[in-house]
Amino acid sequence: MELANYINYAMKSLLKNPILEVLQEIKITRLLKQSNFVKREVGHPPFVILLHFLYMLVMQKRQSSFIKQSESAFGKDAYYRFIKESRYNWRKLLLLSSTALLQKIKPLHKQGECRLLIIDDTVEPKRGKLIEGSCKYIWSNKEHRTINAINIVSLNYADSHSTFQLDFSIKMNESRRKDISAFTTKLHHRSNAYKRKSETIKPKNILAIEMLQRALDAGVEADYLLFDSWYAKPDFIKQADDLGMPVIARLPNNKLIWNFKGKNKTLNAIYNRLKNIRHKQSGKHGKISYKYFDTIVEHATLGKIKLVFLHTGKDLLIFISTDLQLTAKEILATYKKRWNIEQGYKDLRNLFGLGKEENRIYEALIAKITLSMFAYNIVSYINRIKHEPQTLGELFRDLECELESLAISMQLFIKILTKISEIKNVVKENKNLLQIIALLSAYTQKELGFMHG
């Protein structure tokens, strides 16, 4: 066995880079090409810059610290050019990579486990007055008031074990800080960035249904689509159902939106007619006890649908299912899983830098949000395929330590060997030492993903 092979074998058995392994599994270089991440005449390969950003997120390093501390880092302009490049199709990269990861976990699904698509939106505060895509007045459920922020509409995948981010759009309202015509970068009307910028003024329900269509076209498989009462309007549910996605949602108790055939036309009227004659079941959520029952009703747009009326003693909550075979208990249990995405947003903020983007240019903002979601998906996948899954936070800290150890320990080891090699007698007696140093250095670069081979 040649010296290079000995070293390669020994290092491979000791050092592992789980992030690079996953990227290789999903054939990331091919996905990058499909998403138009193509190296131009000058500059660095997009794959390597993407990898640098992943390391920054997982190792929780600011770009300036990464540049100072990593011998393989590029100048700050290389990273800046990467995130504001208008030709890159960030949406396609996120969707293709998440679809590839979902294909990898498909054999792990157990019979009877629901695979869910969840439409939701989150509000991320932004203080700067010049941040493109931000608005002065967006309602924050967390702060119970309007704040200066960006509104991210997202499509997510969830099952009993994992959550993945599939797609997102930024939605601007009438209070937008900047009109899209005043955005900094002047874009060609056929560029990916121009298309992404133009969608900011579309209604949220249109953005959501377009994301659902793209996910299904990409091959994402799911059993139900979940969303909250904001999206739960007859036309939206019909569109989703026409795409082949059965819907489970919470309904707004609004007689202007929801009208039914027959004598009892409103949700309240249906509830009042049935509350004393239908068999009620009991349940508990935390400290809140509730009673519920279900019924099948006819709607002019949707045809037959199943409604579940749940009363806490204080509030009446109403849920819809377009799948008439589900029991009321199954509908409620499935809808509860919508809260998985709230934990997903929390992890994205606390661990992957969502909301901490320091970019005022719209293209760069889209890139940084995508990178956060991309990193989240990689870590979520690593957690899923482990024999003993952890919380994402625990795994995140483990990966951070592994990458730090891989990068720092090997650099120090190579420096020590290089110092030894400077002693003439050692080099004389150990002819292979310089070759070993060169091989170790090359292997470390390769294992970190900074060199192909």
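As the structure is a prediction and not an experimental result, all values here were calculated from the model.

With that settled, the discussion passes to the overall build of the protein. A count of helices and strands for the protein gives 17 helices and ten strands. Put simply, the protein has 453 residues, and 51% of those count as buried. By sequence separation, contacts in the protein at least 24 residues apart represent 66% of the contacts at least 6 residues apart. Total accessible area computed for the protein in this model is approximately 22,900 Å², and 52% of it derives from carbon and sulfur atoms.

The next thing to look at is the pairing of strand β10 (residues 316-321). In terms of burial, β10 is a largely internal element, six of the six residues being buried. Neither face of β10 is open: one carries Leu316, Ile318 and Ile320, the other Leu317, Phe319 and Ser321, and all of them are buried. As judged from the four bridges shared by strand β6 (residues 247-251) and β10, these two strands associate in the antiparallel manner. In the strand pairing of β10, Leu251 is matched with Ile318. Where strand β9 (residues 303-311) meets β10, six bridges bridge the pair, whose relative direction is antiparallel. Note on β10: the bridge partner recorded for Lys306 is Ser321. Taking the residues that link successive antiparallel strands as the turn, the β9-β10 hairpin has four residues, and the phi of Gly313 there is positive, at about 100 degrees.

What follows covers the environment of His311. With respect to the helices and strands, His311 occurs in strand β9. By relative accessible area, His311 is classed as partly exposed at 24%. Separated by 20 residues in sequence, His311 and Lys291 have C-alpha atoms that sit 5.5 Å apart. Once residues within four sequence positions are removed from consideration, His311 is found in contact with Tyr271, Tyr290, Lys291 and Leu316.

Quick look at the pattern of salt bridges now. Overall, the coordinates contain 19 salt bridges when judged by the stated rule. Residue Glu221 pairs with Arg115 through a salt bridge whose shortest N-O separation is 3.3 Å. Highlighted residues: Glu221 in the loop between α9 (204-217) and β5 (224-227) and Arg115 in the loop between α7 (90-105) and β1 (116-125), separated in sequence by 106 residues. A relative accessible area of 36% means that Glu221 is categorised as partly exposed. A salt bridge links Asp179 to Arg176, with the nearest nitrogen and oxygen atoms 3.3 Å apart. Assessed through its relative accessible area of 22%, Arg176 is described here as partly exposed. One connected set of salt bridges, linked through shared partners, spans Arg91, Asp167, Arg196, Glu199 and Arg214.

Taken together, the buried positions of helix α12 (residues 328-336) are occupied by Ala328, Ile331, Leu332, Thr334 and Tyr335. The buried residues of α12 occupy an angular sector of 165 degrees when the element is viewed end-on, so they sit on one face.

With that settled, the discussion passes to the packing of helix α4 (residues 46-58) against helix α6 (residues 76-83). Between α4 and α6, the least distance of the axes is 11 Å, while the angle of their chain directions is 100 degrees. Between α4 and α6, the angle falls in the class roughly perpendicular. Where α4 abuts α6, its residues Pro46, Ile49, Leu50, His52, Phe53 and Met56 lie against Ala78, Tyr79, Phe82 and Ile83. Its residues assigned to classes, the contact of α4 with α6 comprises nine nonpolar, one polar and no charged.

Each full turn of the α-helix corresponds to 3.6 residues, which orients residues three or four apart in the same direction. Within the span of helix α11 (residues 267-274), buried status applies to Leu267, Ile270, Tyr271 and Leu274. Projected down its long axis, α11 carries its buried residues within an arc of 100 degrees, all on one side. Against the buried residues of α11 lie β6, β8 (288-299), β9 and β10.

Let us now look at the confidence of the model for the protein. On average, residues of the protein score 83 in pLDDT, and 81% of them are at 70 or above. Across residues 9-15, confidence stays below pLDDT 50; counting only partners more than four residues off in sequence or on other chains, it has eight contacts. Low pLDDT (under 50) marks residues 423-430, which in the prediction has four contacts with non-local residues, meaning those over four places away or in another chain.

Here we take up the pairing of β5. Residues of β5 alternate between two faces, with Tyr224 and Leu226 on one and Leu225 and Phe227 on the opposite face, all of them buried. Examined bridge by bridge, β1 and β5 share three bridges and lie parallel to one another. The residue of β5 that forms the bridge with Leu117 is Leu225. For β5 and β6, the ladder comprises three bridges, and the chain directions are parallel. Bridge pairing in β6 links Leu225 to Val247.

Attention now goes to the nonpolar core. The biggest cluster of nonpolar side chains holds 130 residues, and the ones touching the most others in it are Ile28, Leu117, Leu225, Phe227 and Leu307. Considering each element in turn, this core owes the most residues, 15 residues, to helix α14 (residues 362-385). For Ile28, the contacting residues outside a window of four places in its chain are Leu23, Phe47, Leu50, Leu93 and Phe374.

A separate point is unusual backbone geometry. Peptide bonds are trans in most cases, and residues, glycine excluded, mostly fall at negative phi. Backbone geometry places Lys27, a non-glycine residue, at a positive phi of 55 degrees. Relative to the helices and strands, Lys27 resides in the loop between α2 (18-25) and α3 (28-34). The exposure class of Lys27 is partly exposed, given its relative accessible area of 46%.

The rules behind these values
Residues numbered from 1 in each chain as written. Predicted model: local features only at pLDDT ≥ 70, side-chain atom pairs only at ≥ 80, totals over all residues. Heavy atoms only, no water. Helix = DSSP H or I, 4+ residues; strand = E, 2+ residues; numbered from the N terminus. Buried < 20%, exposed > 50% of the residue type's maximum accessible area, 1.4 Å probe, protein only. Contact = heavy atoms within 4.5 Å. Areas by Shrake-Rupley, 256 points an atom, 1.4 Å probe, with all protein chains shown as cover. Pairing = 2+ DSSP bridges. Salt bridge = Lys/Arg side-chain N within 4 Å of Asp/Glu carboxyl O. Arc of directions from axis to C-beta. Axes fitted to C-alpha atoms, helices over the stretch in contact; angles between N-to-C directions. Parallel < 35°, antiparallel > 145°, perpendicular 65-115°, else oblique. Nonpolar A, V, L, I, M, F, W, Y, C, P; charged D, E, K, R; others polar. pLDDT = per-residue confidence, 0-100. Core = buried A, V, L, I, M, F, W, Y, C linked by side-chain atoms within 4.5 Å.

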